[in-house]
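One-letter residues, chain by chain:
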Amino acid sequence: ATITALYQQTETLYDQQRELFVRLQRALLPSANPDLPHLEVAAEYAAGARGLDIGGDWFSIIELDGERFGFVVGDVSGRGVDAVAVMARARFTIRAYLTDGDDPVTVLEKCSQQFDIVTDGHMTTALVGVGSWRTGEVTLASAGHPPPVLLGDGRPRFVDLSPGRPLGAGVAPYPVSTFTMPAGSTLFCFTDGLVERRGEDIDTGLARLADVLSGVADRPV
């Protein structure tokens, strides 16, 4: 009876802490997507499984001026409240630099000086972009993050992107990638939790994602 009571008490405390961490993480995510001219924005956060939703994944999109918008999708390594705390730092730091008018490369170069895996205990991947709805041009830079998928005419394709080091892995240059989104196309950004499986090469997961998105792209809208 004593052991059972201790187990029940431990389970109750775990559930309370887990609920607190989940509420903290979700409070740090955008409560709603901004209303951007000439654009449709959709985002979804979904935990991989019960007990795995206390992590450091995040997304953000902001209007920069009447024509341009900025966005970021990121992922902090590890789990728990420490990962959520690093996520909060990264999210608001990147957002501030984008609001100040920095391009994606400059944003990541500045951030690379502020994060350190030795002191933080975590690494952070991030995909940062700035786009123009008028021209369709999008500029991207990646700190170790998977490339987005462009859905338009034909089969979906991964954007050609050379990732730099994750934030926390040292100061390094970040290559830039620029491309044009055709009218009516979709840019699909994600974190690696969507495609990674234990015991499976990540290329297999990326190929599976492309197949799924190909089926979506073929449906009439």
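Read on for an overview of the structure. (Residues numbered from 1 in each chain as written. Predicted model: local features only at pLDDT ≥ 70, side-chain atom pairs only at ≥ 80, totals over all residues. Heavy atoms only, no water.)

**Focus: the pairing of strand 1 (residues 58-63)**
We count it as follows: In this scheme, a residue with accessible area under 20% of its type's maximum is buried, one over 50% is exposed, and one in between is partly exposed, where area comes from a 1.4 Å probe on protein chains only. Helix and strand definitions follow DSSP, with helices as H or I runs of at least four residues and strands as E runs of at least two, each counted in order from the N terminus. When DSSP finds two or more bridges between two strands, those strands count as paired.
Judged by how many residues are buried, strand 1 sits mostly within the fold: five of six residues are covered. Linking strand 1 back to strand 2 (residues 68-76) in an antiparallel pair, the connection comprises four residues.

**Quick look at a nonpolar patch on the surface**
Let me state the cut-off plainly: A residue counts toward a patch only above 30% relative accessible area and without a salt bridge, and it is joined to like-charged neighbours within 9 Å or, for Val, Leu, Ile, Met, Phe, Trp and Tyr, to nonpolar neighbours within 5 Å. To be clear on the numbers: accessible area is Shrake-Rupley with a 1.4 Å probe, and residue cover counts the displayed protein chains and nothing else. For this document, the term salt bridge refers to a Lys or Arg side-chain nitrogen within 4 Å of an Asp or Glu carboxyl oxygen.
A cluster of nonpolar side chains, namely Ile 117, Val 118 and Met 123, defines an oily patch on the protein surface of about 260 Å² accessible area. With respect to the secondary-structure elements, Met 123 resides in the loop between helix 4 (117-120) and strand 3 (124-132).

**A few points about the sheet that holds strand 6 (residues 157-158)**
The sheet built from three strands is open, its strands ordered 6-5-8 with antiparallel pairing. Strands at the two margins of the open sheet, each flanked by one partner only, are strand 6 and strand 8 (186-188). Bridge count for strand 5 (residues 149-151) against strand 8 is three bridges, and the pairing is antiparallel. Residue Leu 150 lies in a different strand from strand 8, and its bridge partner there is Leu 187.

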